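So you can see what is in the structure, the chains are spelled out below.
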Amino acid sequence: MTAIETPSQSRTTQAADISSLALTLFRLRQWLTQPSPYLGFLGVASLVLAWYLLTEFFNVPRFNKLPGPVAVWQEFTSPSPTFGISIYTPAYYMHIFWSIWRVLQAFFWATILGVPLGLFMGWKRTFRDYAFPVLEIVRPIPVLAWVPVAILIFAGIASREAPVIFLAFLATFFATVLNTMLGVESIDEVYFRAARCLGSKPRHVFFRVVLPGALPYIFTGLQIGVGVGWFSLVAAEMISGEYGLGFLIWDSYVLSQFPVIIIAMLTLGVVGYGFSAIIRIVGASLMRWADRSGA
Amino acid sequence: MATAAFAKSSTTLSLRRGLVSVLGLLVFWEIGRRLHFPFLSAVPAPTEVLASLDKIVGNSKFWNDWISSFSRVLSGFALAQLIGIPVGLLMAMSRTLRYLWFPPLEILRPIPPLAWVPTSIIFWPTTELSIIFVIFLGAFFTVVLTVLGGARAIDERLIRAARSFGSKPRDIFWRIVLPATMPSIITGMAVGMGVTWEVVVAAEMIAGKSGLGYFTWASYVGGNYPQIIVGMASIGIAGYLSSGAIRLLGKRATPWQRRI
Amino acid sequence: MTPVAATGAINIRNVSKIYDPDGANVLAVDNCSVDIAPGEFCVIVGPSGCGKTTLLNAIAGFHDISSGEISLDGKPICTPGISAEPGADRMVVFQNGALFPWSTVLNNVAYGPVVQGAATSTDAKTKAQALLAELGLSGIGDRYPNELSSGMRRRVEIARALINDPKVLLLDEPFRAMDALTKGVAQEFLLQAYDRVRKTVFFITHDLEEAIFLGDRVLVMTTRPGRIKQTLHVDFGRPRNYKIRSSRQYLSLKSQIFEAVREEAVRAFEAGERELA
Amino acid sequence: MASTLARRALLEVKGLAKSFGLGPLRQQVLEDCSFSLHTERLTVLIGPSGCGKSTLVNILAGYEAPDAGEVRLLGAPVGAPSAERLVVFQETALFPWMTTFQNVIYGPLVQRDKRREDIEADAIVLLERVGLKDFKDKYPNQLSGGMQRRAELARAIINNPKLMILDEPFRGLDAMTRELMQEYFLKLYEGRKQSVFFITSEIEEAIFLADQLLIMSNRPGRIIKTIDVDLPRPRTASLLTSTEYLHYKDESLEVLHGEAVKAFAEGSKAAADFLEAYADQKR
């Protein structure tokens, strides 16, 4: 049975010959020649222009009460901002740090508790029978309806941090558990059968089929979790926080420091986007086998 | 007949287990409150909540809160569908619109809807309108992106087959693109509805004068803690009913998706 | 001299299976009985929905049966209500492949010995490397399954089964998705592996030519509810190669089998039968 | 060969060329591809995987425009997709949200040139012929593979296309259903005046169905051999063991083998299997 030279050894696929740098340069040139970046820029520019015209230029009623882009930009980039928040002031970065630190803690606990629970609920029928109904009853309750109860639960503890982190944790936890469970259920039954055929003990099935098979969904869950966690954190900070971007927004509203509201909102958008991007990249690198699937 | 019996008993088995775990939780909560377990000592126990229930159910103000929350949710949600679905479909059908609108949407989307509350209060004349606007935003981004994703994921061969049969552009839209996107529209609605309830509760807590969110927060501020749990449960039930309605609507709108 | 198998006798006695897809109580397999000798290459042929996959799943232990009994080397492994745990003694090669997409070829093949604790992971890997080389698959140890062609993936899966030295090899239409010529190569690969280790083989297929080319005995099943309608003995002797495909006896066997299955296939085709298992 | 020239060519394809991608990723898929199809004949196209068969189908159907060359149907240049040139795709392209019946009447309905009652009557007759009458109100996901294929054939035939293009329609079906589908298709084809362009990668299927066999080269694809298959019609399973059939099979295998070597050199995985299989067959 002579094994003829299989293509995998020859590795003469076309794309591999061109160095990856040339390829990325080519794709960049490709991207620049297409209309999409310019139209995209036009779209964003027209949005900012409309904002400018309505608020500062034409002073349209109702809109004129909102800060315009020029005012916001000046405040944001001035070394000595009137309301104390700009890229030069440490206070700005402190608020960002507090919000990120809270989401990280919530994310950590949601992953530590959510992923294993989701894996077991997806894998073992009995486990799911006990755990799923409780989750299903609690899940429809909007996370922010928990604010008063969260304050009560952590009334004993001095720091006001606990309830805020708890709320962000709740949001992330539910997303992580459900998506992980979905991930395990999406694994083709044939892989469980193959593993059992090959004589796997339960622990093998868990670490070599359940975990790797569910990985793509776990990361989707984490990504959604961070998004929802970020969403709940802002509200929690607005209602009962001391620092953080959510608190900053509400505080500047109360003190009528309107440009700061816009700065905080845009910062929230950028940081939130960054969070999910990081998880996406980590997920992609961990699951190389998934990228090459479908050959 | 063995397998049929087995199937039936397995559902009752899991039902029983579910019941056991829920009851167990309630009992633990009750004991925790009574014996002042850490974390549970300040939280009103199930029995206290039940006691306060008949008082609340009696007065009409409580039911008005239900109505005002629902009316806010429905108006914000309906607006988001009315504008969001066409925008999503337009972006799918025309490439220029997609290049034009996608980046601005992509920048505004990550901003949590509740961050808009102060700006919305400043801008809109009444708090009612400001809350509805924030609810609208919450659902709008979800719907647009889900519908766009669904419309663009239509199998190219179906569109080509339709064109081969001599379909006019209006045939392509009404007989191919719309039905094919229906499942994504339903998903967008279901997820959107979930977001709207999250938003309405917080908006009412922060700026509202009525509604279930306001009721829950007022109960806390007023020191009537058992009512907080009633508020939470009501919001949960209201949210569950609305997404249940969407799912029902979904089943009727996509009969072909039923299992064989 | 090809070894003669001592173990791997399968006895299927009046086996029936009733499925309950949403309460419809469908009788998939109706009172099937067949005795497979150790080392015999037994092929089951039948139209879609005739319950051949149900039989294979019952032997493998994936689900139980409604009545009758299946035993391996005299020991009952599947009776109504209880079915022996799936194990490496009855290795299954699945229809659309079941190589773990997340682990390399080498880890896939070495999976069995490692989880059974039969060898440390390094020994298992060397043993797997040796088997891959022996089967003409050296050099692809570190690749992921989806980088391989379908023919290659199929051979790795057979290697993953054989490394555990199973008593019975259960194959569920393993070469279904392949074009005619690739299928020929994969079939020869299986035959050579079979001649080298001579295990009992329980092989399911829709392809009549494949059944004759590979099997010692071909069982023809009726459309649902599946019953064994006819048995054909194929005595071409071993080892076989593709030259027998043009022999007179091969062609007569082929027309014989085609007639036996034809009206079953047409009935299934008309009714739009589908696999239940 | 005189008879084929006398008969007017239905479709003429001259010097067709098509490439995809730009810069270093540019791949020439079709080059200098010329052939012609004749009315009421079943022409089968076969070629190694990735040789541009589907690209050719897309150009004939009007889904894609060629870089060079021209395609004429009955003398007129081919434009946008139309019901004159209908494609039956590889995996089913039945509209999942329409029942079998709604799928079949879709074509005539949107062409709006017939009364609805007549269209529905035609549909019932056709569904009867393909044995799907009592599945007419089922959705595609409630049909078996074979039934979906038959529904798709009915959906195409009801429009009486001048040319029906079938892009590997029986791929993925199990061997038994595939043979029955071939018989079914021949029964439909041999019963009416219909020109068919059938694409496949299965040699047995190609010769069993074809009046004329076109063999396509490896990428960039062009027609490198034409074989006239004069086996008697109606074609029956017994033909599969006749000597002429085996002769045609060896002849086309020889040509395909040469192309597979080139496809393999470019790292095409499917070609590796084909090459190994062929080498084994020759031994």
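Residues numbered from 1 in each chain as written. Chains lettered and ligands numbered in written order. Predicted model: local features only at pLDDT ≥ 70, side-chain atom pairs only at ≥ 80, totals over all residues. Heavy atoms only, no water.

Caption draft 1: Broad picture of the overall build of chain D. Per the secondary structure count, chain D includes 9 helices and 10 strands. By residue count, 58% of the 283 residues in chain D fall in the buried class. Sequence separation of at least 24 residues holds for 68% of the intrachain contacts in chain D that already meet a minimum separation of 6. Element-wise, carbon and sulfur atoms account for 53% of the exposed surface of chain D, whose accessible area totals about 11100 Å². (Helix = DSSP H or I, 4+ residues; strand = E, 2+ residues; numbered from the N terminus. Buried < 20%, exposed > 50% of the residue type's maximum accessible area, 1.4 Å probe, protein only. Contact = heavy atoms within 4.5 Å. Areas by Shrake-Rupley, 256 points an atom, 1.4 Å probe, with all protein chains shown as cover.)

Caption draft 2: Inspection of the interface of chain A and chain B at higher detail. The interface is formed by 51 residues belonging to chain A together with 53 residues belonging to chain B. Carbon and sulfur atoms make up 83% of the area that chain A and chain B hide from each other, which totals about 4700 Å². At the junction of chain A with chain B, the criterion picks out 1 salt bridge. A salt bridge links arginine 17 of chain B to aspartate 129 of chain A; the nearest nitrogen and oxygen atoms lie 2.7 Å apart. For the pair chain A and chain B, the interface holds 5 residue pairs in polar contact (both at pLDDT 80 or more). Taken together, the elements giving at least two residues each to the side of chain A that touches chain B come down to α4 (36–57), α7 (125–138), α8 (147–153), α11 (202–240), α12 (245–254) and α13 (258–286) of chain A. For the side of chain A that touches chain B, the leading source of residues is α13 of chain A, giving 8 residues. The class makeup of the residues in the side of chain A that touches chain B is 42 nonpolar, 5 polar and 4 charged. (Buried area = accessible area lost by both parts, 1.4 Å probe. Salt bridge = Lys/Arg side-chain N within 4 Å of Asp/Glu carboxyl O. Polar contact = N/O pair within 3.5 Å; in protein donor to acceptor, adjacent residues only side chain to side chain. Nonpolar A, V, L, I, M, F, W, Y, C, P; charged D, E, K, R; others polar.)

Caption draft 3: Local environment of the packing of aromatic side chains. Under the definition given, this model contains 56 aromatic pairs over all chains. With a centroid separation of 5.9 Å and an interplanar angle of 35°, the aromatic rings of tryptophan 63 of chain B and tryptophan 66 of chain B are classed as tilted. Here the residue tryptophan 63 of chain B and the residue tryptophan 66 of chain B both occupy positions in helix α3 (residues 60–93), the gap between them amounting to 3 residues, near one helical turn. Under the relative-accessibility criterion, tryptophan 63 of chain B is labelled partly exposed at 38%. For tryptophan 66 of chain B, a relative accessible area of 14% puts it in the buried group. Taking 6.4 Å as the distance between ring centres and 15° as the angle between the ring planes, the aromatic pair formed by phenylalanine 185 of chain D and tyrosine 189 of chain D counts as stacked. Separated by 4 residues within a single helix, phenylalanine 185 of chain D and tyrosine 189 of chain D lie in helix α6 (residues 175–190), roughly one turn from each other. Three or more aromatic residues link up through ring pairs in this structure, and these residues are Phe63 of chain A together with Trp116, Phe123, Trp124, Phe133, Phe136, Phe140 and Phe141 of chain B. The ring centre of tyrosine 240 of chain B lies 6.0 Å from the NZ or CZ of arginine 247 of chain B, which sits over that ring. Its guanidinium or amino end placed over the ring of tyrosine 184 of chain D, arginine 150 of chain D lies 5.2 Å from that ring's centre, counting from NZ or CZ. (Phe/Tyr/Trp six-rings, centres within 6.5 Å; stacked < 30°, edge-to-face > 60°. Lys NZ or Arg CZ within 6 Å of the ring centre and 35° of its normal.)

Caption draft 4: Focus on the pairing of strand β10 (residues 223–228) of chain D. Residues and elements named next belong to chain D. Note: strand β9 (residues 212–216) against β10, 5 bridges, orientation antiparallel. Residue pairing for β10: methionine 216 is matched across the bridge by isoleucine 223. Connecting β9 to the next strand, β10, in antiparallel fashion are 6 residues. (Pairing = 2+ DSSP bridges.)

Caption draft 5: Main features of the sheet that holds β9 of chain D. Residue and element names in this part refer to chain D. Pairing is mixed in the open sheet, where 6 strands are placed in the order β6-β7-β8-β3-β9-β10. Strands at the two margins of the open sheet, each flanked by one partner only, are β6 (85–88) and β10. Adjacent strand axes in the sheet meet at a mean angle of 20°, parallel and antiparallel pairs treated alike. Here 5 bridges tie strand β3 (residues 42–46) to strand β8 (residues 195–200), and the two strands are oriented parallel to one another. Within the sheet, the bridge partner assigned to leucine 42 lies in β8 and is valine 196. Relative to the sheet, α6 contacts β3, β7 (163–167) and β8, its axis offset from that of β8 by approximately 165°. (Axes fitted to C-alpha atoms, helices over the stretch in contact; angles between N-to-C directions.)

Caption draft 6: Highlighting the confidence of the model for chain D. Residue and element names in this part refer to chain D. When pLDDT is averaged across chain D, the result is 84; 87% of the residues are at 70 or more. For chain D, the element scoring lowest by mean pLDDT is helix α1 (residues 2–6), at 44; β3 scores highest, at 93. This complex was scored by the predictor with a pTM of 0.79 and an ipTM of 0.77. (pLDDT = per-residue confidence, 0-100.)

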